[in-house]
Amino acid sequence: MENLQREYEELNEEIQAGTTASGEMPVTEFFNLFADAASENGDTPDLSYTPILNESVNGYRVDGYAFEMQEGEDKSVSELYLVVCNYRNDYELFTLNKKDIEKCVNGAKRFLAKVLDPQFIINLEESSPAFQLGILIKEQIPKIKRVRLIILTNGILSLRKKVLPEEDLGNYRLNVNILDLERYSKIISQGSEPVEVDFESDFGGGLKSLAASPPGASYRSFLFAIPGSVLAEIFATYKNRLLEKNVRTYLQAVTKVNKGILQTISSEPHMFFAYNNGITATASDIELANGDSGELLIRKITDFQIVNGGQTTASLNYARDAKGYSLDNIFVQVKLAVIEGSQINEVVPNISKFANTQNKVSTADLEANSEVQVQIERISKQVQTPQRAGEIHSSKWFYERARGQFKSLFAYKSPSEKKKLELLYPRKQLITKTDLAKYDLAFDARPHHVSEGAQKCFSKYTSVLSKLGASAINESWFKRSVSKAILFNELDNAVLRSEWYQADRGYKAQIVAYSISASADSFRASGLQIDLDRIWREQSVNGDFLYWLLNVAHKVAQILKSPPPEVRNISEFAKREFCWSSYIRGHVSQPSEGIKQYGISLESFLGGIKAGKKDQKIDEELDFDVAILQLASKASEIIVLAQQNGVASPKNISALKKLELGKAFSLNKGEKNALKSLLQRLGIGLHQ
C-alpha cells in the first residue's frame, strides 16, 4: 500500500505539471494519461475526450467514447465504449467501493436512455459535447450490440472479484471494466498488464487437459478443447488484451470475421473441431487440479495470450452476439505453452512469429524490438541538442520506443543523479513512439490518420517506417523529426493561449494536426519545404512564422467546427479523408513572400537527406570495422563453420585469416563485403 501511495502522489504531480503546461483541467489531464494506457493495454480503442456532466438528482456523466466496428459479413455490428472518470484530488489514496461503481454505471446508463429521447437531443446546443456524442450514438444505436463501460479512477478498487458480471439490457449487453491506479501503474511500468483467466470462478469450471511437454523442455505445454461459448465469453470480457501484444500493436488487432467459420457454426457445428485449426496460446503460469476421475484440470491461466487464432476467437464472439448462433456444440482445440517469466519476453514473440507465418504478416511487424525502432533509439542517444541562448548545459531528446523507459531512467537514482539526468533529458524533450507517428504523419499531410488516435496512427506509421528501413534512419532524419515535434508542440501551445481558442475551446488536437498538415502542404505547393534544419539549430519556431501558423490554425478551427450535415460529430469529421482533401487542403492561407523565408527549396531539402544517408553509411562502415575486432578470437571457429556449411569462399576465408592474425584494418572492400555476407548466412551477429 505504501508503494501505491507513492504512485498516487507521483501521478498527482504529473497531472499538476500537465495542467500547468497545457492549461487544461486536472480531470482532462487524468483522462489523457489513463486513456493512453487503456488503449495501449488493449482495454479500449483510441478514446475521444467528451466531458458530459449533469449533476442533478437524475443526472448523468460520460467523459469519453469510442466506436469499434466488428468486421462481419455486413459490417453492421458495432461496440460502443463509454468512459466515466472517478478522479479525486485528495491528499490520501482512496478506495473505490461497490456504491461508487454503481454511481458511475447508473450515470452512463441514464445518458444512454436520454439519447433515445428525441426531445433531449433537440434541446442541446449543437457545439456541446452532449449533442456531439448523443447524435452519434443515435445514428449508431441500431448497430450497437454491446456497450463497454470503462471506469477510470486514480483510486484503488476494493472489490475482490476481478471480472464484473455482464448485464443484459435488452438490445445490447453491458460490460463494465475498471482501470484503477494499481492496474495503471502496472501498465506504465511493464508496457501491458497480464490477463488472468480464472475458469473456476468466472467461466463455469476447470477444463480437462493433457500435459504434452517434450522431455528436457524449458517450458510446459498442454493440449485441451475449450467450449466455443467459453472462448467467446472470455473474448467478450478481455477483448484485444487477449491478443499477443506485438500483433495487437502493429496490426491494430483487426478482428476480421471469417465467413467459412460462420458457415461451419451455422450449418455444421459438430464439425467445427475437425475443420478449424484451433488456437495457439502462451502463459506465464497455470493452476492445475485433479478432477473427480483423476483427470488433469486447468483452473486458472496467468498472462493468457493468443498468438495465433485471433480470427477464430473473434468469429465465435461475432457469431454469438451478432448472429445469435448457438455455440453449444462448438469446441476449439488449444495448444498452450507455459513459459517462465524470465523467458517470456524472448520466447513469446518467436512463437507469435512462427505461428503467424501462414498469414500475410511481415516478420518486422511482429518484432517487439524492430530494427527501425532500435535504430531510432540508438541515434537519439548519439545526437546532442544545440544549446539555446542563455543555456549552460547541453541536452538530448529522449526517444521512448517502449512504455516506461523514460520513467525507468530516473528510478532508484539519488537526488543528485536525478538532477543530472533531468538536465541531460528534460521532460519537455521526451518523444514517445506514438508522438513520433503523430508529428511525422501531420507534417506529411495525413491529419485524418492522426485524428484517429495514438494507436491507429502508430499502426499506419509502422508501414511508413518499414518502407523507409533502418538504413535511412540517420542523424539528419532524427533532427528533422525532432524539428517536427518542436513545430507541433509550439503551435499547440500557441493555440491554447489564443483568444479565439479560449472563447471556444475543444478539439485542439485535431486543429493542430490539420494546421501543421495545411501549412507544410502549402509550402510544398510553392516548391518549398518548411526549413526543419533551421528549427533544429534554433530549437524553436520563429515568432513571425508561429504567428502565421496560428492564423492558419484559426481558419482550420472554423472549418472543423462547422462539419457537414452528413457528419455532424466534429471528432468523426476529422477522421475522414474527405475532411482533409475537400475542406482543408488548399482552403487556408498560402505563405506570403515574407513567410517563404522560413522554407527551403525541395532540392535543398532532398540534398540534406542524401547527405545524411552518406554520413550514415560512413558511420556504419566504422561500426563494422570496430565490431569485427570482437570476432578475432573466434575466426578459426568461423572458418570451420563456413566449411561445414558449404559457404566458404576464397574472399571470406582470406578475410577471416587476416582477422585471426590481427590484421582487421587491412581488409579490402571485397573482403569486408564477403565477410559481412558470410556472417549473415551463418546467423552470427556483430553486437552479441
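This is a predicted model, so every value here is computed, not measured.

Glancing now at helix α30 (residues 669-682). Between its first and last C-alpha, α30 extends 20 Å over 14 residues, near the 20 Å set by a 1.5 Å rise per residue. For α30, the complete set of buried residues consists of Glu671, Ala674, Leu675, Leu678 and Leu679. Viewed along the axis of α30, the buried residues span an arc of 130°, placing them on a single side of the element. Opposite the buried face of α30, at more than 90 degrees from it, the exposed residues are Lys669, Gln680 and Arg681. Directly beyond the C-terminal end of α30, a positive phi value near 70° is found at Gly683.

A word on the packing of helix α1 (residues 2-22) against helix α6 (residues 181-190). α6 packs onto α1 with a crossing angle of 80° between their chain directions and a minimal axis gap of 10 Å. Viewed along their axes, α1 and α6 adopt a mutual orientation that is roughly perpendicular. The segment α1 lies against α6, with Leu4, Glu7, Tyr8 and Leu11 engaging Leu181, Glu182, Tyr184 and Ser185. Grouping the constituent residues of the contact of α1 with α6 by class yields 5 nonpolar, 1 polar and 2 charged.

What follows deals with unusual backbone geometry. For Ala445, which is not a glycine, the phi torsion comes out positive at approximately 65°. Position of Ala445 relative to the elements: it lies in the loop between α17 (433-443) and α18 (447-450). The exposure class of Ala445 is buried, given its relative accessible area of 13%. Residues other than glycine seldom take positive phi values, yet Gln539 does so here, at roughly 55°. Turning to its location among the elements, Gln539 is positioned in the loop between α23 (532-538) and α24 (543-560). Taking the relative accessible area as the measure of exposure, Gln539 reaches 2% and is therefore buried.

For strand β11 (residues 220-227) and strand β16 (residues 331-338), the ladder comprises 8 bridges, and the chain directions are antiparallel. Along β16, the bridge assignment pairs Ser221 with Ala337. Pairing of strand β12 (residues 279-283) with β16 involves 5 bridges; the strand directions are parallel. In the sheet register, Thr282 faces β16, and the bridge partner there is Ala337.

Every buried residue of α6 is accounted for by Leu181, Arg183, Tyr184, Ser185, Ile187 and Ile188. The elements touched by buried residues of α6 are α1, α2 (26-41), β5 (144-153), β6 (156-157), β8 (173-179) and α15 (405-410). Positioned one or two residues after α6, Gly191 has a phi angle of 90°, which is positive.

This brings us to the pattern of salt bridges. Counted according to the given criterion, the structure contains 35 salt bridges. The partner of Lys109 in a salt bridge is Glu167, with the nearest N and O atoms 2.8 Å apart. Note that Lys109 is positioned in helix α3 (residues 98-115) and Glu167 in strand β7 (residues 167-168), a separation of 58 residues in sequence. By relative accessible area, which is 32% here, Glu167 ends up partly exposed. Asp521 serves as the salt-bridge partner of Arg585, at 2.9 Å between the closest nitrogen and oxygen. Pair noted here: Arg585 is in the loop between α26 (577-584) and β20 (599-601) and Asp521 is in helix α22 (residues 508-525), with a separation of 64 residues, a long-range link. Look at Arg585 and you get partly exposed, because its relative accessible area is 41%. One network of salt bridges, in which partners are shared, links Glu68, Glu79, Arg146, Arg148, Glu166, Arg173, Glu233, Lys239, Arg320 and Asp321.

Definitions and limits used
Every chain's residues receive numbers from 1 upward, in the order its sequence appears when written. Totals for whole chains, interfaces and linings use every residue, but because this is a predicted model, local features are given only for residues with pLDDT of at least 70 and side-chain atom pairs only at 80 or more, for both listing and counting. Calculated side-chain values reflect all of the structure's heavy atoms, with hydrogen atoms and water omitted. Helix and strand definitions here come from DSSP, where helices need a minimum of 4 consecutive H or I residues and strands a minimum of 2 consecutive E residues; each element is numbered from the N-terminal end. Multiplying 1.5 Å by the residue count of a helix minus one yields the expected span of that helix. Whether a residue is buried, partly exposed or exposed follows from its accessible area with a 1.4 Å probe, protein chains only, as a fraction of its type maximum: under 20%, in between, or over 50%, in that order. In this context, the arc is that of the directions from the helix axis out to the C-beta atoms. Only the stretch in contact is used when a helix axis is fitted, and all axes are lines through C-alpha atoms; the angle between N-to-C directions ranges over 0 to 180 degrees. Angles below 35 degrees are treated as roughly parallel, those above 145 as roughly antiparallel, those between 65 and 115 as roughly perpendicular, and all remaining angles as oblique. For this analysis, residues touch if any pair of their heavy atoms sits within 4.5 Å. Each residue receives one of three labels: charged for Asp, Glu, Lys and Arg, nonpolar for Ala, Val, Leu, Ile, Met, Phe, Trp, Tyr, Cys and Pro, and polar for the others, Gly being one of them. At least two DSSP bridges between two strands are needed for those strands to be called paired. Here, a salt bridge means any side-chain nitrogen of Lys or Arg that lies within 4 Å of a carboxyl oxygen of Asp or Glu.

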